[in-house]
Amino acid sequence: MNIKKISLPVITAILIAGCSQELETNSPLADQSIDKSVEFRSNPFGTISVSKTSPNGRQIGDPIHVRLVSAEYLTNAENREMGNTIIFEDRGNKQLAFDFSPFVSLDGTQEIEYFVDQVRPPQTLDLTAARQSIIRAANTWKNVSCSNIGIEKTIDIPVPLGLVAAELGFPSIPGFVAEINHNGWMPASFFDFLAPNGSQGILAVTFTFLVIDNDGEFVDTNSDGKFDVAFREIYYNDNFIWADGGSGVDTETIALHEMGHGLSQEHFGAAFITKKGDVKFAPRAVMNAAYSGPNRIIKGTDNAGHCSIWGNWPNN
Ligand SMILES: [Ca+2]
Ligand SMILES: [Ca+2]
Ligand SMILES: [Zn+2]
């Protein structure tokens, strides 16, 4: 597999963030910083034909063509590895920004809806608690006041859903229901597809599929300089102990982060190893590249990122 690796020094994120309170309190500048990187890999699945999935798990509507273009995964800060962005399509312009277009409404509505799986719960948390964690996280984004984009939950379907899962050979309907599809918890081996030992370190991942036109090209129907997203798929790693409060990985916190990717936000903030050996973030944000404990509240930079993307929807 052809892999080019580009390191983006995290210091750039600090310049963007400006002087934050947290930056001064943590005094991280003397300490070692952790790079975050973007990897380019050849596309594993090529162009895929896909249809919206009906309540009984059938394909409805005309098939559309999509390509997997990126995966953003989240790791646990304890193991000192940061999350990563993998780009599967090297178009030569290092284009990281992909976004929904109001002129591409594959689920039939201009509002941004989300689907929540009901057949792939985590082993350590019951289905209702897991789903409620995801729904609370979605509502947290919905309540950001600068935007009014829907963020409503769709119908449930009684079958496992997801294109990446199906392509990797897991039992799965190869379709989508909404713009953002939370497709449940997958066995650890699913995550080895993303990185060596991915099953051990990756908590969750968001995949982005772009629309492909009849000429096999990406499209930008709203002329915002960003290729139009068809839909996104989110999966969680069942190799971890998932919790709703208490000990374990806080499901709502991770869902909030992945929902941020679902809503087109990228990782943000610099990570540092302190002299004590802890990982600190500056600034602390939902969109930090690694999980470092419960954080169910949208922070300043998360809010700014969300509003810059969605403040004018659908007139951007
Ligand atoms: Ca929609
Ligand atoms: Ca666009
Ligand atoms: Zn992430």
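Residues numbered from 1 in each chain as written. Chains lettered and ligands numbered in written order. Predicted model: local features only at pLDDT ≥ 70, side-chain atom pairs only at ≥ 80, totals over all residues. Heavy atoms only, no water.

**Student:** Looking at this model, I keep getting lost on the overall build of the protein. Mind explaining?
**Tutor:** From N to C terminus, the protein includes seven helices and 18 strands. Here the protein displays about 13,100 Å² of accessible surface, and carbon together with sulfur accounts for 50% of that area. (Helix = DSSP H or I, 4+ residues; strand = E, 2+ residues; numbered from the N terminus. Areas by Shrake-Rupley, 256 points an atom, 1.4 Å probe, with all protein chains shown as cover.)

**Student:** Which parts of the structure should I look at to understand the coordination of the zinc ion (ligand 3)?
**Tutor:** A metal bound by six donors in octahedral fashion has ideal angles of 90 or 180 degrees, whereas one bound by four tetrahedral donors has an ideal angle of 109.5 degrees. Protein ligation of the zinc ion (ligand 3) involves His257 (NE2), His261 (NE2) and His267 (NE2), the donor distances falling in the range 2.0 Å. Each donor residue of the zinc ion (ligand 3) lies on one chain, and together they are spaced H-x3-H-x5-H. Judged by relative accessible area, which is 9%, His267 ranks as buried. (Donors = N, O, S within 2.8 Å, 3.2 Å for Na, K, Ca; no water. Buried < 20%, exposed > 50% of the residue type's maximum accessible area, 1.4 Å probe, protein only.)

**Student:** Is there a simple way to explain the state of the cysteines in this structure?
**Tutor:** Here, disulfide denotes a covalent bond that connects the sulfur atoms of two cysteines. Under the counting rule described, the total for this entry stands at one disulfide. Paired by a disulfide, Cys146 and Cys307 hold their sulfur atoms 2.0 Å apart. On the S-S bond that ties Cys146 to Cys307, the torsion sits near -95°, and the link is left-handed. With Cys146 in the loop between helix H3 (127-142) and strand S9 (150-153) and Cys307 in helix H7 (residues 300-310), the pair connects residues that are 161 residues apart, well separated along the chain. By relative accessible area, Cys146 is classed as partly exposed at 30%. (Disulfide = S-S within 2.5 Å.)

**Student:** Please explain the coordination of the calcium ion (ligand 2) as it appears in this structure.
**Tutor:** Taken together, the protein ligands of the calcium ion (ligand 2) are Asp220 (OD), Asn222 (OD1), Asp224 (OD), Lys226 (O) and Asp228 (OD), with distances of 2.3 to 2.4 Å. Each donor residue of the calcium ion (ligand 2) belongs to the same chain, and together they define the spacing D-x1-N-x1-D-x1-K-x1-D. Judged by relative accessible area, Asn222 falls into the buried class, the value being 8%.

**Student:** What should I look at first to understand the side chain of Asn84 in this one?
**Tutor:** Of note, Asn84 is situated in strand S6 (residues 84-87). Of note is the side chain of Asn84, whose polar atom sits 3.5 Å from the side chain of Glu39. For Asn84, the residues in contact, after removing those within four places along its chain, are Ser37, Val38, Glu39, Ala71, Glu72, Tyr73 and His267. (Polar contact = N/O pair within 3.5 Å; in protein donor to acceptor, adjacent residues only side chain to side chain. Contact = heavy atoms within 4.5 Å.)

**Student:** How should the pairing of strand S16 (residues 270-273) be read in this particular structure?
**Tutor:** The side chains of a regular strand alternate between both faces of the sheet. Along S16, one buried face is formed by Ala270 and Phe272 and the opposite face, lined by Ala271 and Ile273, is buried too. The sheet contact formed by S16 and strand S17 (residues 279-282) spans four bridges and is antiparallel. Within the sheet, the bridge partner assigned to Ala270 lies in S17 and is Ala282. Linkage of S16 to S17, two consecutive antiparallel strands, is achieved through a turn of five residues, within which Gly277 is found at a positive phi near 100°. (Pairing = 2+ DSSP bridges.)

**Student:** What is the right way to read the packing of H3 against helix H6 (residues 251-262) from this model?
**Tutor:** A pair of packed helices can be characterised by two numbers: the angle between their axes and the separation between those axes. Two elements in contact, H3 and H6, have axes whose closest approach is 8 Å; the angle formed by their N-to-C orientations is 50°. When the axis of H3 is compared with that of H6, the two are oblique. Considering the relative orientation of H3 and H6, their crossing is right-handed. Residue-level inspection shows Ala130, Ser133, Ile134, Arg136, Ala137, Ala138, Thr140 and Trp141 of H3 in contact with H6, the latter providing Thr251, Glu252, Ala255, Leu256, Met259 and Gly260. For the contact of H3 with H6, the residue count by class is eight nonpolar, four polar and two charged. (Axes fitted to C-alpha atoms, helices over the stretch in contact; angles between N-to-C directions. Parallel < 35°, antiparallel > 145°, perpendicular 65-115°, else oblique. Left-handed = near helix turned anticlockwise from the far one by under 90°. Nonpolar A, V, L, I, M, F, W, Y, C, P; charged D, E, K, R; others polar.)

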